[in-house]
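Each chain, letter by letter, is given below.
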Amino acid sequence: MNTVVIYTDGACKGNPGPGGWGAILRSEDGQEKELWGGERETTNNRMEMMAVISALSALKRPCQVILHVDSQYVLKGMTEWLVGWKAKGWRTASKQPVKNVDLWQQLDALVNTAGHRVQWRWVKGHAGDLGNERADSLANRGVEQIGLA
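Residues numbered from 1 in each chain as written. Predicted model: local features only at pLDDT ≥ 70, side-chain atom pairs only at ≥ 80, totals over all residues. Heavy atoms only, no water.

Draft legend 1. Highlighting the sheet that holds strand S1 (residues 3-12). The strand order across the open sheet built from five strands is S3-S2-S1-S4-S5, with neighbouring strands paired in mixed fashion. Edge positions in the sheet fall to strand S3 (32-42) and strand S5 (117-122), since each has one partner strand and no second. Looking at each pair of strands side by side, their axes are set apart by 20° on average, direction ignored. In this sheet, S3 lies alongside strand S2 (residues 17-27) in antiparallel orientation, the contact comprising nine bridges. Along S3, the bridge assignment pairs Arg26 with Glu32. Contacting S1, S2 and S3, helix H4 (residues 130-145) crosses the sheet at an angle of about 135° to S2. (Pairing = 2+ DSSP bridges. Helix = DSSP H or I, 4+ residues; strand = E, 2+ residues; numbered from the N terminus. Axes fitted to C-alpha atoms, helices over the stretch in contact; angles between N-to-C directions. Contact = heavy atoms within 4.5 Å.)

Draft legend 2. Seen up close, the environment of Glu28. You can see Glu28 is positioned in the loop between S2 and S3. The exposure class of Glu28 is exposed, given its relative accessible area of 55%. Expressed as a C-alpha distance, the spacing of Glu28 and Val5, which sit 23 residues apart in the sequence, is 7.9 Å. Those residues in contact with Glu28, other than ones at most four positions away along the chain, are Asn2 and Thr3. (Buried < 20%, exposed > 50% of the residue type's maximum accessible area, 1.4 Å probe, protein only.)

Draft legend 3. How the structure looks around the packing of helix H1 (residues 44-57) against helix H3 (residues 101-113). Across the interface, H1 lies against H3 with an axial gap of 10 Å and an inter-helix angle of 30°. Between H1 and H3, the angle is such that the two are roughly parallel. Here H1 runs over H3; the crossing is left-handed. Residues Arg46, Met49, Met50, Val52, Ile53, Leu56 and Ser57 of H1 pack against Asp102, Leu103, Trp104, Gln106, Leu107, Leu110 and Val111 of H3. (Parallel < 35°, antiparallel > 145°, perpendicular 65-115°, else oblique. Left-handed = near helix turned anticlockwise from the far one by under 90°.)

Draft legend 4. Expanded view of the environment of Tyr73. Relative to the elements of secondary structure, Tyr73 occurs in helix H2 (residues 72-87). Judged by relative accessible area, which is 17%, Tyr73 ranks as buried. Spatially, the C-alpha atoms of Tyr73 and Met49 are 8.9 Å apart, while their sequence positions differ by 24 residues. Sequence-distant contacts of Tyr73, that is, excluding residues within four places in its chain, are made with Asn45, Met49, Trp81, Lys99, Asn100 and Trp104.

Draft legend 5. Inspection of the side chain of Asp108 at higher detail. Looking at the element boundaries, Asp108 is found in helix H3. At 3.0 Å, the side chain of Asp108 and the side chain of Lys86 are in polar contact. Ignoring anything within four residues of it in the chain, the contact list for Asp108 reads Met78, Leu82, Lys86, Trp90 and Thr113. (Polar contact = N/O pair within 3.5 Å; in protein donor to acceptor, adjacent residues only side chain to side chain.)

Draft legend 6. Here's a closer look at the pattern of salt bridges. The final tally for this structure, using the stated rule, is five salt bridges. Across the pair Glu34 and Arg134 runs a salt bridge whose closest N-O atoms are separated by 2.9 Å. Of this pair, Glu34 sits in strand S3 while Arg134 sits in helix H4, and the two are 100 residues apart along the sequence. Arg46 serves as the salt-bridge partner of Asp102, at 2.9 Å between the closest nitrogen and oxygen. Highlighted residues: Asp102 in helix H3 and Arg46 in helix H1, separated in sequence by 56 residues. In this structure, a network of salt bridges that share partners links the residues Arg26, Glu32, Glu34 and Arg134. (Salt bridge = Lys/Arg side-chain N within 4 Å of Asp/Glu carboxyl O.)

Structure (structure tokens):
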């Protein structure tokens, strides 16, 4: 199983507002792929999730993934909250519908049915981590791409 290191980030100019996402994928043989995109009306959390979804969707076969995120929302959602949400019919502990359920379901399917082994790693955003800084730059490119930056 090949190992891929991924850095992702989301950006939003207003929340909600125009947003972008970015991801860097680096294979063990040193090849890199940059991905980015944007939406006209979105939230920062949705862009953080889209970055991860897009990165995992770009993998052509099951991989060992070391996935770096600066979003506690994505990290905790996938490592702590997801099991409970699913058990409660996509409801929170306070019985409210889970926000962004469409993206959580996509991410759940990618992580749990595509054969990937994902190691989640949190990195502090805007703190000089080169992978995170590059992903942030790509997320901002995603906003620019839709012509709203």
